[in-house]
Amino acid sequence: MDQQRFLTELAGILEAGPLTLDRPLTDGNWDSVAMLSTIALVDELCDVSLSGRDLSQCTTPKDILDLIERTKA
Amino acid sequence: MSLSAAIRKVAYHLPATKLTNDDLAREYGDWDVSKIYEKTGINVRAVAGPDECASDLGVAAARKLFEASDLTAENVDYLIFCTQSPDYFLPATACVMQHSLGLPTHCAAIDINQGCSGFVYGLSLAKALVESHIARNVLLITADTYTRYIHPGDRSVRTIFGDAGAATWISGVESNEVLIGPFTLGTDGRGAENLIVRAGGARTPLTDSAREVKTDEAGNTRCDANLYMNGPEIFTFTLRQVPAAVRDLLGRASIGMEQVDYFVFHQANRFMLEQLRRKIGIASEKFCINLESVGNTVSSTIPIALQSAIDAGTVAAGSKVMLVGFGVGYSWGATMIQVI
């Protein structure tokens, strides 16, 4: 997956400024609507369906990328 | 020629009380109406009054059906009532409605408990009853009052659900074509806890602790007797299951996507529908979005959207329409119909 595109799109979802891998998601608007949008984004970018419950445990973009890898496996 | 079950007519009824996005904005204060409309596609929801039960909505829809078609009460010999908000634990609400509607006493009447997939399940039963000559005229009524289950402080579901009833007449016509079917049906009870009213039945009685209102991390309030929905989990389920159901149905029907004239999915919310449409690869002009003035009315969304498409001339006699229901359970069902 194109990591830079993921970060750019995720920043748009969170309505935050530029994101780094370790920036807390809660710096942006990390609500249930943002989670739905993130599930849709990941599904579109890499055809992976993330569990909503697992996604809600993520605190940084890196956590989400790790979750994608775990889900793929 | 053989006997093929067909949808003869659909009618629906919406309660008079409306809940608009502006109403919600006034109530919640910090509400971003435009964002919620953008995601849900809903502006107005119809809400049952305090004395209005699902059976009342269903009876009103059936009376409209009788007025709009050749079906009369005395000719109905099988009533299927699909609801998750019955009037009583017992008797079956369908039995109460048999009397309210003046259906003959030789009419069979049963309730089925399904939500968003309920209309497709009802059609599968109606087709089987008609084509096996058990019934001649099946009246399939879907109606729910989910808003009764919703805590006023729970925005996650209050923005989405509305109340409605729909009545559909299914009977046999002499035809060499399949007018309802084939079907793809499925269940995954692992998702039961993600869309649930937990308390009030035998498993969790309505005790004081079940009535205790709690606030979740998103600031939504509810108790165990209220509707709870884990939106992200439901969304993940639909992204996984609905495209697979569509592919399976096309295979069973031995047709390609291009041979389907119109797609009517359960009207969950616009965001979810658009994601599904893109993922499956359906052209927007062949894909129904019918939410703005009704909201998500559970098992009634498909018949309401179908009849709206017929009224608008989007589909007409001969159109092949795919119907797909999915949600609470988890439960899903998909079928093809031909409009007659």
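All values reported here derive from a predicted model rather than from experimental measurement.

Cut-offs used in this document
- Residues numbered from 1 in each chain as written.
- Chains lettered and ligands numbered in written order.
- Predicted model: local features only at pLDDT ≥ 70, side-chain atom pairs only at ≥ 80, totals over all residues.
- Helix = DSSP H or I, 4+ residues; strand = E, 2+ residues; numbered from the N terminus.
- Rg over C-alpha atoms; globule rule 2.2 N^0.38 Å.
- Buried ≥ 20, exposed ≤ 12 C-beta atoms within 10 Å, placed from the backbone.
- Contact = placed C-beta atoms within 7 Å.
- Nonpolar A, V, L, I, M, F, W, Y, C, P; charged D, E, K, R; others polar.
- Core = buried A, V, L, I, M, F, W, Y, C linked by C-beta atoms within 7 Å.
- Domains from an automatic or database assignment.
- Pairing = 2+ DSSP bridges.
- Axes fitted to C-alpha atoms, helices over the stretch in contact; angles between N-to-C directions.

Caption draft 1: Up close: the overall build of chain B. Of regular secondary structure, chain B possesses nine helices and 15 strands. Compactness check: chain B gives a C-alpha radius of gyration of 19 Å against a globular reference of 20 Å for 340 residues, within 12% of the reference. Out of the 340 residues belonging to chain B, those deemed buried represent 51%. In chain B, once contacts between residues fewer than 6 apart in sequence are set aside, the share between residues at least 24 apart is 78%.

Caption draft 2: Representation of the interface of chain B and chain A within the structure. Chain B puts 14 residues into the contact, and the matching count from chain A is 15 residues. Looking at the side of chain B that touches chain A, the elements with two or more residues in it are α7 (231–253) and α8 (270–280) of chain B. At seven residues, α7(B) tops the list of elements feeding residues into the side of chain B that touches chain A. Grouping the constituent residues of the side of chain B that touches chain A by class yields five nonpolar, five polar and four charged.

Caption draft 3: Spotlight on the nonpolar core. Residues and elements named next belong to chain B. With 110 residues, the main nonpolar core has A61, L79, V138 and V264 as its most contacted residues. Top contributing element to this core by residue count: α7, with nine residues. Here this core spans two domains, and each of domain 1 (2–175) and domain 2 (180–196 + 228–338) adds at least three residues to it. The contacts of A61, once residues within four sequence positions are left out, are A11, Y12, H13, I141, A143, G165, A166 and A167.

Caption draft 4: Expanded view of the domain arrangement of chain B. Residue and element names in this part refer to chain B. Looking at chain B, the domain boundaries give domain 1 (2–175) and domain 2 (180–196 + 228–338). For domain 1 and domain 2, the distance between their C-alpha centres works out to 17 Å. Across the contact, 41 residues belong to domain 1 and 39 residues belong to domain 2. With seven residues, the top contributor of residues to the side of domain 1 that touches domain 2 is helix α5 (residues 118–131). For the side of domain 1 that touches domain 2, the per-class residue count stands at 22 nonpolar, 14 polar and five charged.

Caption draft 5: Quick peek at the sheet that holds strand β13 (residues 262–265) of chain B. Residue and element names in this part refer to chain B. Ordered in space as β8-β15-β14-β13, the four strands form an open sheet in which the pairing is mixed. If you trace the sheet from one side to the other, it starts and ends with β8 (180–187) and β13, each paired once. Taken over all neighbouring pairs, the strand axes of this sheet differ in orientation by 15° on average, direction set aside. Strand direction decides the pairing type here: strand β14 (residues 320–327) and strand β15 (residues 331–338), joined by eight bridges, are antiparallel. Each residue of the ladder has a partner; that of V324, found in β15, is A334.

Caption draft 6: Structural view of the pairing of strand β7 (residues 164–175) of chain B. Residue and element names in this part refer to chain B. Taking burial as the measure, the twelve residues of β7 include nine buried ones, the bulk of the element. Here strand β1 (residues 2–13) pairs with β7 via eleven bridges, running antiparallel. By the bridge assignment for β7, A11 is matched with A167. In terms of strand pairing, strand β6 (residues 137–144) meets β7 through eight bridges, oriented antiparallel. Looking at β7, one finds that D144 is bridged to A164.

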